[in-house]
Amino acid sequence: MKSVVLLGYMGAGKTTIGHALAKEIGVRFYDLDWYIEMRFHKTVAQIFEERGEDAFREMERNMLHEVAEFENVVISCGGGTPCFFDNMDYMNSLCETIYLKASPDVLAAHLRMGRVVRPLIAGKTEEELAAYIREMLRQREPFYSKAKYIFDVDLLNSREKVAESVRLLREATGI
Ligand code: S3P
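One structure accompanies this document, and this report is about it.

## Things to note about the site of the ligand
Then, in step 1: The immediate surroundings of the ligand are formed by 13 residues, with Lys14, Asp33, Arg57, Gly79 and Arg140 found nearest.
Then, in step 2: Note that an oxygen atom of the ligand is positioned 2.7 Å from one of the side-chain N or O atoms of Asp33.
Then, in step 3: The separation between an oxygen atom of the ligand and a polar main-chain atom of Gly80 is 3.4 Å.
Then, in step 4: Considering the ligand on its own, with 390 Å² of exposed area, one finds that the protein chains cover 96% of that surface.
Then, in step 5: According to the grid-proximity analysis, the pocket containing the ligand is the largest pocket.

Here it is in structure tokens:
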């Protein structure tokens, strides 16, 4: 099996669905943010703070090249990964790529539910967050849309909904 990469904006459910999908098909799961944190012994938030976004993007690309070389794994990349360097073409050349597409409302709801500190949205009010998500999606959709598959994601607020999404995703992609 080619490795599977899940991509999409922050809060689309890449980690949640990726983890569940990997478990179901019996392969290893790699979350690119976690992989970066493990390799550099720092959180993504610390890397942004101490070295800035440009340095983070370089590290992210290098780590993407490590994990995308693995065979038979499910990878969830960061929300920005497909939008820098030639990352999207690179992923398409090696992996099955799936864009998890969610509406701004679903993204905002997931981000509110999550406990991960995301430096790009830290400290934003509800309205600021909604406006920011809409603008980022406008900029990023052209990159995300290059994925081999596009899969619509609804609100994932229960285990059942996650399981159902995984079932539908497998049906849609044949994975
Ligand atoms: C980012 C998304 C984050 C993380 C970093 C930047 C982005 O990943 O890589 O905070 O640019 O959208 P998640 O989408 O996994 O939260």
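## Quick word on the packing of aromatic side chains
Then, in step 1: Following the criterion strictly, the structure yields six aromatic pairs and no others.
Then, in step 2: A centroid spacing of 6.0 Å and a plane angle of 75 degrees characterise the contact between Tyr30 and Tyr35, whose relative ring orientation is edge-to-face.
Then, in step 3: When its relative accessible area of 10% is taken as the criterion, Tyr35 is described as buried.
Then, in step 4: Consider the rings of Tyr35 and Phe70, whose centres lie 6.4 Å apart with planes at 75 degrees: the pair is edge-to-face. Here Tyr35, found in helix H2 (residues 32–40), pairs with Phe70, found in the loop between helix H3 (44–67) and strand S3 (73–76); they are 35 residues apart in sequence, far enough to count as distant.
Then, in step 5: Clustering of aromatic rings is evident, with ring pairs tying together Tyr30, Tyr35 and Phe70.

## Things to note about the packing of helix H5 (residues 104–113) against helix H6 (residues 126–144)
Then, in step 1: Closest axis-to-axis distance for the H5/H6 pair is 10 Å, and the angle between their directions is 125 degrees. Compared by their axis directions, H5 and H6 come out oblique. Handedness of the crossing formed by H5 with H6: right-handed. Within the contact between the two elements, H5 uses Pro104, Leu107, Ala108, Leu111 and Arg112 and H6 uses Glu126, Leu129, Ile133, Arg134 and Leu137.
Then, in step 2: When the residues that make up the contact of H5 with H6 are grouped by side-chain class, the tally is seven nonpolar, no polar and three charged.

What counts, and where the lines are drawn
- Residues numbered from 1 in each chain as written.
- Predicted model: local features only at pLDDT ≥ 70, side-chain atom pairs only at ≥ 80, totals over all residues.
- Heavy atoms only, no water.
- Near = heavy atom within 4 Å.
- Polar contact = N/O pair within 3.5 Å; in protein donor to acceptor, adjacent residues only side chain to side chain.
- Areas by Shrake-Rupley, 256 points an atom, 1.4 Å probe, with all protein chains shown as cover.
- 1 Å grid on protein atoms, 1.4 Å probe; cavity = no way out; pocket = protein on both sides within 12 Å on 5 of 7 lines; lining within 4 Å.
- Sits in = over half its atoms within 2 Å of the grid points.
- Phe/Tyr/Trp six-rings, centres within 6.5 Å; stacked < 30°, edge-to-face > 60°.
- Buried < 20%, exposed > 50% of the residue type's maximum accessible area, 1.4 Å probe, protein only.
- Helix = DSSP H or I, 4+ residues; strand = E, 2+ residues; numbered from the N terminus.
- Axes fitted to C-alpha atoms, helices over the stretch in contact; angles between N-to-C directions.
- Parallel < 35°, antiparallel > 145°, perpendicular 65-115°, else oblique.
- Left-handed = near helix turned anticlockwise from the far one by under 90°.
- Contact = heavy atoms within 4.5 Å.
- Nonpolar A, V, L, I, M, F, W, Y, C, P; charged D, E, K, R; others polar.

Everything listed is a geometric property; what it means functionally is a separate question.
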